[in-house]
Amino acid sequence: MIEITDLYKEFDGTPVLKGVNATFEKGKTSLVIGQSGSGKTVLLKCMLGLITPEKGDICYDGRHYHSMTIDEKRDLRKEIGMVFQGGALFDSSTVEENVMFPLKMFTNMPYDDMLERVNFVLNRVHLENVNDKYPAELSGGMQKRVAIARAIVMKPKYLFCDEPNSGLDPKTAIVIDNLIQEITDEYDMITIINSHDMNSVMEIGEKIIFLKDGVKEWEGTSDDVFKTDNKAITDFVYSSNLFKKVREAQLKEKGA
Amino acid sequence: MLQQVFKRPQKPAVFKDFIFKEIEDLGISSIGIVAFISFFVGGVVVIQTALNLENPLTPKYLIGFASRESLILEFSPTLISIILAGKVGSYIASSIGTMRVTEQIDALEVMGINSLNHLVLPKIIANVFFYPFVIIISITLGIIGGWVAGNLTGLVSSTDYLNGIRSEFVPFHITYSLIKTSIFAFVIATVPAYHGFYVKGGAIEVGKASTRAVVWTSIVIIVLNYFLTQMLLGK
């Protein structure tokens, strides 16, 4: 379990996270949603240790992140897989080299075993015959899948995804969502996804945390999202025309 | 920054591969331009020295002597280092800067890798240990270029030139030249790496960081050159 207690972060005197509390359970896909600028990415980066919060605590299965030494933090990070918004693939390395990189750095596996593992995870994310391609030669969806393959190659305990669907068409986005969901179940990981995509909420959101202006405004399941009367979240959820129409239909049905 | 850079590499076998890759990218790929510049500048040094020695009583072998000393003491270690600060320094700053703005450095950190050690230490080792060889090549080709120019222009005969090259040779000047080179090589790896690593923003900021890196590396080399000369050759 990952527990966040009273997390506070500010930039140049402007608070971005204002005392966020949350827990993320094992084997569950949790979504942190909210508008741009609500503090989602800062929250994720604080959890990963890329940004140091002013206040608060992050606890990974009983291990308090901010009281760890640099080496202990590095050891913890070996248990973390991360899918960045832009993929963050090493652009001068091939797909195979990208995915093999964590294995090379942290295991003593022979090359053939590493290659077998790389091919296994690439197949797992439905990629074939791309080993020798460079990231720039792949489509956005394929790059995201390579990033997922690299994130899971070390069988992590925790998987973080920052806007995994950004820049993807709706069909590919669903493929990526389902892939993350399947992998979470398969590896029994704690998966935390930053998103503002309501399709993702409906597809894979087992637990939803809604951030607004750096505050946790609401928490619940994907079913609860559509039932809640919380104005902030209903404004967010029904901001698209499609969902607005669904909401109108729902209200009409209620009224009838 | 340097404290993290000089930590023990996480995987020595992988680290060794990175050093060889950096030697190829930063060192071997620079030999061509260094050879070209050294050969022609060697020729120019000989022509200018010959043209400035107007007194017929001045022995011609001094042309070879003066050219050798200029090449060993200043041209090869300092001027070539400034040229490498432009070529290699901009490469280091822009490649690390691009990795920063595309979150590749964050990806390394999230994996539990000491990104400063992983990205910068192989560059420092490759530069510090390989650039002295580049400078020896530069000195050699500069002297050959001077000999060719002297012969082609008829300003100095082969015998006089080679006598000058051999006369009053001080082996410590080579040591001085290589000490300077190693220190400049360290600067060429670290100053641009610093500018690239801490860049914020996007493509334009990477470009600005690259320019800043070249300017500061050149300034540091010029200032260090003054102090090193005073320390190593001053009495």
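Shown above is the structure to which this text applies.
Residues numbered from 1 in each chain as written. Chains lettered and ligands numbered in written order. Predicted model: local features only at pLDDT ≥ 70, side-chain atom pairs only at ≥ 80, totals over all residues.

Enquirer: Outline the overall build of chain B, listing residues and values.
Expert: The secondary structure content of chain B amounts to eight helices and zero strands. Ordered by position from N to C terminus, the α and β elements of chain B give α-α-α-α-α-α-α-α. Reported as C-alpha extents along the three principal axes, the dimensions of chain B are approximately 70 × 35 × 30 Å. Taking all 235 residues of chain B together, 45% fall into the buried category. Relative to all contacts within chain B whose residues are 6 or more apart in sequence, the contacts with residues 24 or more apart total 88%. (Helix = DSSP H or I, 4+ residues; strand = E, 2+ residues; numbered from the N terminus. Buried ≥ 20, exposed ≤ 12 C-beta atoms within 10 Å, placed from the backbone. Contact = placed C-beta atoms within 7 Å.)

Enquirer: Explain the overall build of chain A residue by residue, including any values.
Expert: Along the backbone of chain A there are 10 helices and 10 strands. For a compact globule of 256 residues, the expected C-alpha radius of gyration is about 18 Å, and chain A comes in at 19 Å, within 12% of that figure. Dimensions along the principal axes, computed over C-alpha positions, put chain A at roughly 65 × 40 × 30 Å. The buried share of chain A, reckoned over its 256 residues, is 40%. For chain A, the proportion of contacts with a sequence separation of at least 24, taken over those separated by at least 6, is 65%. (Rg over C-alpha atoms; globule rule 2.2 N^0.38 Å.)

Enquirer: So what's going on with the interface of chain A and chain B? Residues and values would help.
Expert: Between chain A and chain B, the residue contacts involve 15 residues of the former and 14 residues of the latter. When contributions to the side of chain A that touches chain B are tallied by element, the ones reaching two or more residues are helix H2 (70-77), strand S6 (80-83) and helix H3 (95-106) of chain A. Considered class by class, the residues forming the side of chain A that touches chain B number nine nonpolar, one polar and five charged. (Nonpolar A, V, L, I, M, F, W, Y, C, P; charged D, E, K, R; others polar.)

Enquirer: Provide a residue-level description of helix H5 (residues 115-153) of chain B, including the pertinent values.
Expert: If you check H5(B), its first and last C-alpha atoms are 54 Å apart, about what 39 residues at 1.5 Å a residue would give, namely 57 Å. Along H5(B), the helix axis deviates most sharply at Phe130(B), where the bend reaches about 35°; the proline Pro132(B) sits within four residues downstream. (Expected span 1.5 Å × (residues − 1). Bend = angle between axes of the 7 residues up to and from the residue.)

Enquirer: Go over the sheet that holds strand S4 (residues 55-60) of chain A, please, and point to the residues and values.
Expert: All names here are of chain A. Read from one edge to the other, the open sheet built from four strands follows the order S2-S1-S4-S5, with strand pairing classed as antiparallel. Looking at the sheet topology across the chains shown, the edges are occupied by strand S2 (14-24) and strand S5 (63-64). When strand S1 (residues 2-11) meets S2, the two strands line up antiparallel, connected through eight bridges. By the bridge assignment, Ile4 is partnered in S2 with Ala22. In this fold helix H1 (residues 40-48) packs onto S1, S2 and S4, with an angle of close to 65° to the strand it touches most, S2. (Pairing = 2+ DSSP bridges. Axes fitted to C-alpha atoms, helices over the stretch in contact; angles between N-to-C directions.)

Enquirer: An account of the packing of helix H7 (residues 171-197) of chain B against helix H8 (residues 203-233) of chain B is requested, with residue identities and associated values reported.
Expert: The packing of two helices is summarised by the inter-axis angle and the distance between the axes. Residues and elements named next belong to chain B. Relative orientation of the contacting elements H7 and H8 amounts to 155°, with a least axis distance of 9 Å. When the interaxial angle is binned, H7 and H8 end up roughly antiparallel. In terms of crossing hand, the pair formed by H7 and H8 is right-handed. Across the interface between the two elements, Tyr176, Ile179, Lys180, Ile183, Phe184, Val187, Ile188, Val191, Pro192, His195 and Gly196 of H7 pack against Ala209, Arg212, Ala213, Trp216, Thr217, Val220, Ile221, Leu224, Asn225, Leu228, Leu232 and Leu233 of H8. A per-class count over the contact of H7 with H8 returns 17 nonpolar, four polar and two charged. (Parallel < 35°, antiparallel > 145°, perpendicular 65-115°, else oblique. Left-handed = near helix turned anticlockwise from the far one by under 90°.)

Enquirer: Provide a residue-level description of the nonpolar core, including the pertinent values.
Expert: Counting 126 residues, the largest nonpolar core has Leu43(A), Met82(A), Val99(A), Ile148(A), Ala149(A) and Phe160(A) as the members making the most contacts within it. Ranked by the residues each element gives to this core, the list is headed by H5(B), at 15 residues. If we ignore the near neighbours within four places in the chain, the residues touching Ala149(A) are Val99(A), Val121(A), Leu122(A), Val125(A) and Leu127(A). (Core = buried A, V, L, I, M, F, W, Y, C linked by C-beta atoms within 7 Å.)

Enquirer: An account of the sheet that holds strand S9 (residues 207-212) of chain A is requested, with residue identities and associated values reported.
Expert: Residues and elements named next belong to chain A. Pairing is mixed in the open sheet, where six strands are placed in the order S6-S7-S8-S3-S9-S10. Lying at the two open borders of the sheet, with one neighbouring strand each, are S6 and strand S10 (215-220). Averaged over neighbouring strand pairs, the angle between their axes works out to 15° when direction is ignored. Relative to strand S8 (residues 190-195), strand S3 (residues 29-33) runs parallel, the two sharing five bridges. Residue pairing across strands places Leu31 opposite Ile193, the latter belonging to S8. Where H1 meets the sheet, its contacts fall on S3, S6, strand S7 (158-162), S8 and S9, and the angle it forms with S7 comes to roughly 150°. Contacts between helix H5 (residues 140-152) and the sheet are confined to S6 and S7, with S6 contributing the most and set at about 170° to the helix.

Enquirer: Describe in detail the pairing of S1(A), supporting the description with residues and values.
Expert: Side-chain positions along a regular strand alternate between the two faces of the sheet. All names here are of chain A. With antiparallel pairing between neighbouring strands as the criterion, S1 and S2 make up a hairpin whose turn holds two residues, including Asp12 at a positive phi of roughly 50°. Note that S1 and S4 share five bridges and pair antiparallel. Within the sheet, the bridge partner assigned to Ile2 lies in S4 and is Tyr60.

Enquirer: Describe the packing of helix H2 (residues 12-52) of chain B against H5(B), listing the residues and the values that go with them.
Expert: All names here are of chain B. One way to put it is that H2 packs onto H5 with a least axis distance of 6 Å and a crossing angle of 25°. Here H2 lies roughly parallel to H5, going by the angle between them. Of the two possible hands of crossing, H2 and H5 adopt the one that is right-handed. Per-class residue counts for the contact of H2 with H5 are 27 nonpolar, 12 polar and two charged.

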